[in-house]
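Chains, contacts and geometry: an overview
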Amino acid sequence: MLTVHHLGLSQSERIVWLCEELGIEYQLKLYQRRADDGLAPQEYKALHPMGIAPVVTDGDLVLGESAAICEYIAVKHGDGRLIPSPDSPDYAGHLFWFHFSNGTFMANSMMEVACLRAGAEPAAFAMDRKAKAWRLADERLATSPFFGGTELTLADIMMGFALTTMRVLADFPLDGYPNILAYLGRIGERPAYQRAMARAEPGLTPKLT
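A brief look at the structure comes next. (Residues numbered from 1 in each chain as written. Predicted model: local features only at pLDDT ≥ 70, side-chain atom pairs only at ≥ 80, totals over all residues. Heavy atoms only, no water.)

Overview of the pairing of strand β2 (residues 27–31)
Residues in a regular strand point their side chains to alternate faces of the sheet. This is how the line gets drawn: For two strands to be treated as a pair, DSSP must find no fewer than two bridges joining them. Each helix is a run of DSSP H or I of at least 4 residues and each strand a run of E of at least 2, with the numbering of both proceeding from the N terminus. Handedness of a crossover: with both strands directed away from the viewer, a clockwise path from the first strand across the helix to the second marks it as right-handed.
Both strand β1 (residues 2–7) and β2 contribute to a ladder of five bridges, which runs parallel. Within the sheet, the bridge partner assigned to V4 lies in β2 and is L28. Traced from β1 through helix α1 (residues 13–22) to β2, the parallel crossover comes out right-handed.

A few points about the sheet that holds strand β4 (residues 61–64)
Rules: To define axes, lines are fitted to C-alpha atoms, for helices over the stretch in contact only, and angles between the resulting N-to-C directions are given on a 0 to 180 degree scale. Residue contacts are defined here by distance: any two heavy atoms, one from each residue, within 4.5 Å place the two residues in contact.
Across the sheet, four strands lie side by side as β2-β1-β3-β4; this open sheet has mixed pairing. The sheet terminates laterally at β2 and β4, the two strands that pair on one side only. The mean angle between the axes of side-by-side strands here comes to 20°, regardless of whether they run parallel or antiparallel. Bridging between β1 and strand β3 (residues 55–58) involves four bridges; their strand directions are antiparallel. Bridged to T3 within β3 is T57. In this fold helix α3 (residues 66–76) packs onto β1, β3 and β4, with an angle of close to 130° to the strand it touches most, β4.

What to know about the pattern of salt bridges
Put simply, the rule reads: The rule for a salt bridge is simple: a side-chain nitrogen of Lys or Arg has to be within 4 Å of a carboxyl oxygen of Asp or Glu. Per-residue accessibility, obtained with a 1.4 Å probe over protein chains only, is compared with the maximum for each type, and a residue is labelled buried under 20%, exposed over 50%, and partly exposed between these values.
Applying the stated criterion across every chain, the model contains nine salt bridges. K207 is paired through a salt bridge with D171; the nearest N and O atoms lie 3.9 Å apart. Residue K207 is located in the segment after α9 (191–200), and its partner D171 is located in the loop between α7 (166–169) and α8 (178–188); the two are separated by 36 residues in the primary sequence. According to the relative accessible area criterion, K207 is partly exposed, its value standing at 25%. By relative accessible area, which is 61% here, D171 ends up exposed. If you follow the salt bridges from partner to partner, you end up with E20, R195 and R199 in one network.

Below is the structure:
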């Protein structure tokens, strides 16, 4: 069976949400961060050579990396759902936001988090890129109900964590981003998202505002 190894307050939250959206059978194994340094426990690090979340196992397969896992599950277990067809007008937009999430959006935020935890001032170029990325996201949602287009796609699964739980780790107010706020309201109303958060992060109120 497909097993999702979820580390609390991590990107593996995406995989739980994806499985709930697809309505597929999966096993969820929860891991808590260490109390002394907030990092993954050794048991989680041993799952994959990179030692980071997310990780899934499927039979003998051990797979890491959010985007790779999302695409694998959608194609292998979800009959290609949540991926627009190449002839869809939403295809290119879906691809952009699917890759933009970790390639640019999360990368800028993680640079800021790393600097702050090291007691250093984040680089000006990183903060500029972060501001541009948030503005771009808000502008996208002014003209489209989802990052993936007219319907929820893997792009939304990827962007969701960056807009919500990531802000538990690095607080970022959403004042001035009305379209993101409206989008998160729509996401929060989805039964699959509600089920995923209840399973993956019991006791945590989803950061939707």
